[in-house]
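Topology and contacts: notes
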Amino acid sequence: MASHGMRGSGLATPCYVVDSGLIEANLKVLRGVMERTGAEILLAQKAFSMYTLYPFIGQYLSGATASGLYEARLCAEEMREPLKASGRKIESHIFSPGYREEDFQQILEYCDHIVFNSWRQVEKFGARARAAGKSIGLRINPECSTQEGRAIYDPCAPGSRLGVTIERFVQGMGSSTDPAEGADCEGDRKCGNRGNLLQMLDGLHFHTLCEQDSDALEKTLDAVESRFGAYLPAMKWINFGGGHHITRAGYDIPRLERCIRRMQEKYGLKVYLEPGEAVALNAGFLVSSVLEVQGNTVILDTSAACHMPDVLEMPYRPPLQGSGQPGEKPFTYRLGGPTCLAGDMIGEYSFDEPLKEGDRLVFEDMAIYSMVKNNTFNGMPLPDIVLRETDGRYRIVRRFGYEDFKMRL
């Protein structure tokens, strides 16, 4: 890897390499949005949970958000505790489609904000959360799809289990489906026969985006206001969720900041954002070696199924340093992994020179949704996790072996 010197660094492959300098560059962009708008930005751990960097990330962002008990504990232990002595307050948020009774007491210990997915969950756990001094939110579904056909990543797709539609929002409070009837909720947070549940809420949460620009957010906010605007004055905060590619080149940050100020100025709301990818976007690499060349098919020691599952799930073709599109350069190959899965293929790439056994290939943008989703199918070893320090040195953070495979079985 010419720009980072990884090909000749002596690292064993496969390995994930996360560049702390590139992480910091992303964090500075996010911190700038916070400073200019007063919004709070949290790390969504579901995309990037390399906790070695949590104290560093916590110096720039407001905290982290979790999708379950273990992520909540990770934030508490690896971000909040290390920064406690400095006096920096780290917020810990959580959202889950459903909480387990046996987990909830620990969640109360670890989290400041608890977002529920239904009125039933509010009824079941809300009073306990309120008594523990937690801020309570409800996830809403604004029924505004911006995913262009990717239903697997669209929380607004028909039949979605994520978030409460306006119909269920109002019905859940035992009233009609007319959102205009919520107008009397302004100010004192008392809403007649709907007040008991509504007044328990501090905020509303939506998460509808995936790797998108702020025009999609603006469109979503229009839908949120159209459907839920009558209830916003009764809230203290609104959470825009994740999917904001804020650190991507060309992302429209001024439009994002206008969206933030719109909620602040019109409704007096504190605004939260929960990007995961934006924190580590283009800051990680997966270094792989060629095991064998079979004509125009190359077998790597890296598996799409095991080490970069999103390649098959999304699907997508990951960027590869020094390569081109098929046919663009003189030598085109299909790159595949060493598992028994026939579809364990990474994609087609072209190169200036023929590939040979032992060559190293460096896949880009491999910090996000890689370490958090990898697996040991076929007994495949997990890649080492390596941190590239700002001085250019490489530090092996974690090396995995047979016991890591065996302990899961």
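Everything that follows concerns the structure shown earlier in this document.
Every residue gets a number counted from 1 within its own chain, in the order that chain's sequence is written. Given that this is a predicted model, residues contribute local features only at a pLDDT of at least 70 and side-chain atom pairs are listed and counted only at 80 or more, while totals for whole chains, interfaces and linings are drawn from all residues. For the side-chain quantities, the full set of heavy atoms in the structure was used; hydrogens and water were omitted.

1. Topic: helix α9 (residues 253–267)
Elements are defined by DSSP. Helices are runs of H or I of four residues or more, strands are runs of E of two residues or more, and each kind is numbered from the N terminus. Helix span is expected to be 1.5 Å times the residue number reduced by one. For α9, with 15 residues, the first-to-last C-alpha span of 21 Å sits near the 21 Å given by 1.5 Å per residue. Within α9, the full set of buried residues consists of Ile253, Leu256, Glu257, Cys259, Ile260, Met263, Gln264 and Tyr267. By definition, residues are in contact when any of their heavy atoms lie within 4.5 Å. Among the structural elements, α1 (20–37), α8 (214–228), β8 (237–239) and β9 (270–273) are those in contact with the buried residues of α9. Polar contacts, as counted here, are pairs of nitrogen or oxygen atoms within 3.5 Å of one another; within protein the pair requires one atom able to donate a hydrogen and one able to accept it, and residues that are adjacent in sequence qualify only if both atoms are side-chain atoms. Put simply, Asp252 is the residue that caps the front of α9, since its side-chain oxygen is 3.1 Å from the backbone nitrogen of Arg255. Two residues or fewer after α9 comes Gly268, characterised by a positive phi angle close to 70°. For each residue, the accessible area found with a 1.4 Å probe, counting protein chains only, is set against the maximum for its type, and the residue is called buried under 20%, exposed over 50%, and partly exposed in between.

2. What to know about the pairing of strand β15 (residues 384–388)
Along β15, 5 of the 5 residues are buried, which leaves the element largely enclosed by surrounding structure. Side chains Asp384, Val386 and Arg388 of β15 all project onto a buried face; the interleaved residues Ile385 and Leu387 project onto the opposite face, where all are buried too. With 5 bridges connecting them, strand β1 (residues 15–19) and β15 associate as parallel partners. Considered in β15, the bridge of Val17 is made with Val386. Whether two strands pair comes down to DSSP finding at least two bridges between them. As judged from the 4 bridges shared by β15 and strand β16 (residues 394–398), these two strands associate in the antiparallel manner. Across the sheet, Val386 pairs through a bridge with Ile396, a residue of β16. Hairpin geometry of β15 and β16 is characterised by an intervening segment of 5 residues between the two adjacent antiparallel strands and by a positive phi of about 95° at Gly392.

3. Details of the sheet that holds strand β2 (residues 40–44)
On the basis of which strands lie adjacent, the closed barrel formed by 8 strands has the order β2-β3-β4-β5-β6-β7-β8-β9 and parallel pairing. Pairwise comparison of adjacent strand axes, ignoring direction, gives a mean angle of 25° for this sheet. Pairing of strand β5 (residues 113–116) with strand β6 (residues 135–139), which is carried by 4 bridges, proceeds in the parallel orientation. Paired with Ile114 across the strands is Ile136, a residue of β6. Packing against the sheet, helix α3 (residues 69–84) makes contact with β2, β3 (63–66) and β4 (91–95), and its axis sits at approximately 170° to β4. In this analysis, axes come from line fits to C-alpha atoms, helices being fitted only over the stretch in contact, and the angle between any two N-to-C directions falls in the range 0 to 180 degrees.

4. Concerning the pairing of β5
Of the two faces of β5, the one lined by His113 and Val115 and the one lined by Ile114 and Phe116 are each fully buried. Alignment of β4 against β5, held across 3 bridges, turns out to be parallel. When the sheet's bridge partners are listed, Ile94 is paired in β5 with Ile114. For a crossover, the right-handed case is the one in which the path from the first strand over the helix to the second runs clockwise, viewed with the strands pointing away from the viewer. For the crossover that starts at β4, traverses helix α4 (residues 101–110) and ends in the parallel β5, the hand is right-handed. As a crossover connection, the stretch from β5 through helix α5 (residues 119–131) into β6 is right-handed.

5. Quick word on the packing of α1 against α9
The interhelical angle for the contact between α1 and α9, taken along N-to-C directions, is 40°, at an axis separation of 10 Å. Pair α1 / α9 crosses with right-handed handedness. The segment α1 lies against α9, with Val29, Val33, Arg36 and Thr37 engaging Ile253, Leu256, Glu257, Ile260, Arg261 and Gln264. Definitions for this section: a left-handed crossing has its near helix turned counterclockwise from the far helix by less than a right angle. A right-handed crossing has that turn clockwise.

6. What to know about the packing of aromatic side chains
Each Phe, Tyr or Trp ring (for Trp, its six-membered ring) is paired with any other whose centre lies within 6.5 Å, and the angle between the two planes then decides the class: stacked below 30 degrees, edge-to-face above 60, tilted in between. Within this structure, the stated rule accounts for 14 aromatic pairs. For the pair Tyr333 and Phe351, a centre-to-centre distance of 6.1 Å together with 55° between the ring planes defines the contact as tilted. Within this pair, whereas Tyr333 is found in strand β12 (residues 331–336), its partner Phe351 is found in strand β13 (residues 345–351), the two being separated by 18 residues in sequence. For Tyr333, a relative accessible area of 7% gives the class buried. Looking at Phe351, the relative accessible area reads 6%, which means it is buried. Among the aromatic residues, those joined into a cluster by ring pairs are Tyr99, Phe104, Phe116 and Phe125. Only lysine NZ and arginine CZ atoms are considered, and such an atom sits over a ring when it is within 6 Å of the ring centre and within 35 degrees of the ring normal. The ring of Phe95 has Arg139 sitting right over it, with the charged end atom 4.8 Å from the ring centre.

7. Observations regarding unusual backbone geometry
In most cases, non-glycine residues show a negative phi, while peptide bonds are predominantly trans. For the bond running from Thr13 to Pro14, omega is -5°, close enough to zero to count as cis. Across the junction of Met314 and Pro315, the peptide omega takes the value -15°, indicating a cis bond. Within the secondary structure, Pro315 is located in the loop between α12 (310–313) and β12. Non-glycine residue Glu143 carries a positive phi angle of around 55°. In this structure Glu143 comes out as partly exposed when scored by relative accessible area, which is 39%. Backbone geometry places Asp365, a non-glycine residue, at a positive phi of 55°. Relative to the assigned elements, Asp365 resides in the loop between β14 (360–364) and β15.

8. Considering the side chain of His245
Tracing the backbone through its elements, the reader meets His245 in the loop between β8 and α9. Its relative accessible area of 8% is what places His245 among the buried residues. At 2.7 Å, the side chain of His245 forms a polar contact with the side chain of Glu277. In this structure, His245 is in contact with Glu211, Gln212, Tyr251, Glu277 and Leu281, ignoring residues within four places of it in sequence.

9. Describing the nonpolar core
By convention a nonpolar core is built from buried Ala, Val, Leu, Ile, Met, Phe, Trp, Tyr and Cys residues, the set being connected through side-chain atoms within 4.5 Å. Counting residues in hydrophobic clusters, the biggest one holds 104 residues, and the most contacted among them are Phe169, Phe240 and Leu335. Looking at this core, the element that brings in the most residues is α3, giving 7 residues. Excluding anything up to four places from it in sequence, Phe169 contacts Trp119, Leu138, Ile140, Val164, Leu198, Leu204, Phe228 and Tyr231. Counting residues in each nonpolar core, the second largest holds 7 residues, with Leu11, Val17, Phe285 and Val386 among its members.

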